Amino acid sequence: YSFAGKTLSIDTTRLETLKNRGGTTSTLFLNEHGIGVPIAMVARVFESVEQVMPIVISAAASKEELAGLVELMRVWEKESDTLVVFSVDFSHYLPIREALMHDAATRRAFVNRDEQYMWNATDDVADFGKGLWLLMRLQGKRELRIEKAFSTVDLGGSDRYTTTFFAGWLEEEGINKP
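Overview of the structure. Remember, it's a predicted structure, so these values are computed and weren't measured experimentally.

### With respect to the pattern of salt bridges
No. 1: Tallied over the entire structure, the rule returns seven salt bridges.
No. 2: One salt bridge connects E79 with R14, and the closest N-O pair in it is separated by 2.3 Å. Here E79, found in the loop between helix 3 (63–77) and strand 5 (91–94), pairs with R14, found in helix 1 (residues 12–20); they are 65 residues apart in sequence, far enough to count as distant.
No. 3: With relative accessibility at 34%, the residue E79 sits in the partly exposed group.
No. 4: A salt bridge links K19 to E16, with the nearest nitrogen and oxygen atoms 3.4 Å apart. Of this pair, K19 and E16 both sit in helix 1, separated by three residues, roughly a single helical turn.
No. 5: One salt-bridge network, held together by shared partners, links D11, R14 and E79.

### Focus on a nonpolar patch on the surface
No. 1: Taken together, M41, V45, F46, L83 and V85 make up a surface patch of nonpolar side chains, about 420 Å² in accessible area.
No. 2: Of note, L83 is situated in the loop between helix 3 and strand 5.
No. 3: For L83, a relative accessible area of 47% puts it in the partly exposed group.

### Considering unusual backbone geometry
No. 1: Located in the positive-phi region is R113, a residue other than glycine, with phi close to 55°.
No. 2: With respect to the element layout, R113 can be found in the loop between helix 4 (96–112) and helix 5 (115–120).
No. 3: The exposure class of R113 is partly exposed, given its relative accessible area of 31%.

### Points about the layout of surface pockets
No. 1: Quantified by volume, the second largest pocket comes out at close to 870 Å³.
No. 2: Lining the second largest pocket are 28 residues, with L18, G23, T24, I55 and V56 sitting closest to its centre.
No. 3: Elements with a contribution of two residues or more to the lining of the second largest pocket: helix 1 and helix 3.
No. 4: Considering only residue class, the lining of the second largest pocket consists of 16 nonpolar, eight polar and four charged.

### Things to note about helix 3
No. 1: Between its first and last C-alpha atoms helix 3 spans 20 Å; for 15 residues at 1.5 Å apiece the expected length is 21 Å, and the two agree.
No. 2: Within the span of helix 3, buried status applies to L66, L69, V70, L72, M73 and W76.
No. 3: Each element contacted by the buried residues of helix 3 is listed here: helix 1, helix 5 and helix 6 (129–139).

### Quick notes on the pairing of strand 7 (residues 162–171)
No. 1: As paired elements, strand 5 and strand 7 share three bridges and run antiparallel to each other. Bridging across to strand 7, H92 finds its partner in T163.
No. 2: Strand direction decides the pairing type here: strand 6 (residues 143–151) and strand 7, joined by eight bridges, are antiparallel. Directly across from E143, in strand 7, lies its bridge partner E171.

### A word on the sheet that holds strand 6
No. 1: Spatial ordering of the open sheet is given by 5-7-6, a layout of three strands whose pairing is antiparallel. Each edge of the open sheet is held by one strand with a lone partner, namely strand 5 and strand 6. Strand-to-strand, the axes of this sheet are offset by a mean angle of 20°, without reference to chain direction.
No. 2: Across the face of the sheet, helix 4 comes into contact with strand 5, strand 6 and strand 7 while running at roughly 165° to strand 5.

Conventions we followed
Residues numbered from 1 in each chain as written. Predicted model: local features only at pLDDT ≥ 70, side-chain atom pairs only at ≥ 80, totals over all residues. Heavy atoms only, no water. Salt bridge = Lys/Arg side-chain N within 4 Å of Asp/Glu carboxyl O. Helix = DSSP H or I, 4+ residues; strand = E, 2+ residues; numbered from the N terminus. Buried < 20%, exposed > 50% of the residue type's maximum accessible area, 1.4 Å probe, protein only. Patch = residues over 30% accessible without salt bridge, like charges linked within 9 Å, V, L, I, M, F, W, Y side chains within 5 Å. Areas by Shrake-Rupley, 256 points an atom, 1.4 Å probe, with all protein chains shown as cover. 1 Å grid on protein atoms, 1.4 Å probe; cavity = no way out; pocket = protein on both sides within 12 Å on 5 of 7 lines; lining within 4 Å. Points joined across faces, edges and corners; volume = space filled by probe spheres on them. Nonpolar A, V, L, I, M, F, W, Y, C, P; charged D, E, K, R; others polar. Expected span 1.5 Å × (residues − 1). Contact = heavy atoms within 4.5 Å. Pairing = 2+ DSSP bridges. Axes fitted to C-alpha atoms, helices over the stretch in contact; angles between N-to-C directions.

This is the structure in C-alpha cells:
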C-alpha cells in the first residue's frame, strides 16, 4: 500500500499465521475503501508504521471461525507493535433519519453487550453486523469510546442514500484515549 510517498508492506508473519488457521488471501480487496482509507489514516497518523495486516471478514464466516480470529487478535493486540483499527460502517445506503435511528440502536447494543443483535445485523440495520460482533468480542471489558460519528450527508452526500460511520477506540478503565 502506497500513500503520499510512503509504502506499507503486508506483515507476512501474521499473514502466514492467518493462512495456517484457515484464512485465505485475495487481491479482491486491495482497492476496497474499507481497507484503503484506514490504512492511509494509519500511514499518516502513525509515521513509524511500516507493516500492516488488513483482514476482511467474510459474510459466510461462522461464529467459531470469528471467535478464533478474536483470540488471535487479542494475542497480537498485546504486542507493543500492534494497533487494531476497525473499519465498519454503521448504516449503509439508508435515508438519513432511518440511518440515525439504526445507529442509536447499534450504540445501545454496544452498551448492553448485545452480541445477538450484532450478529444478526444486516444492511437494513447496520452495514455488516459480523464486523461489529467481532469488535464487540474483542472489546472484552473495555469501553467503546466514539470520538466522532458522521455520515456521508456531513460530507455533502445525499440524505436519501447515506452511509454512517464512526471513529473511536477501545478504552481500559482509567486510561485515556491513545
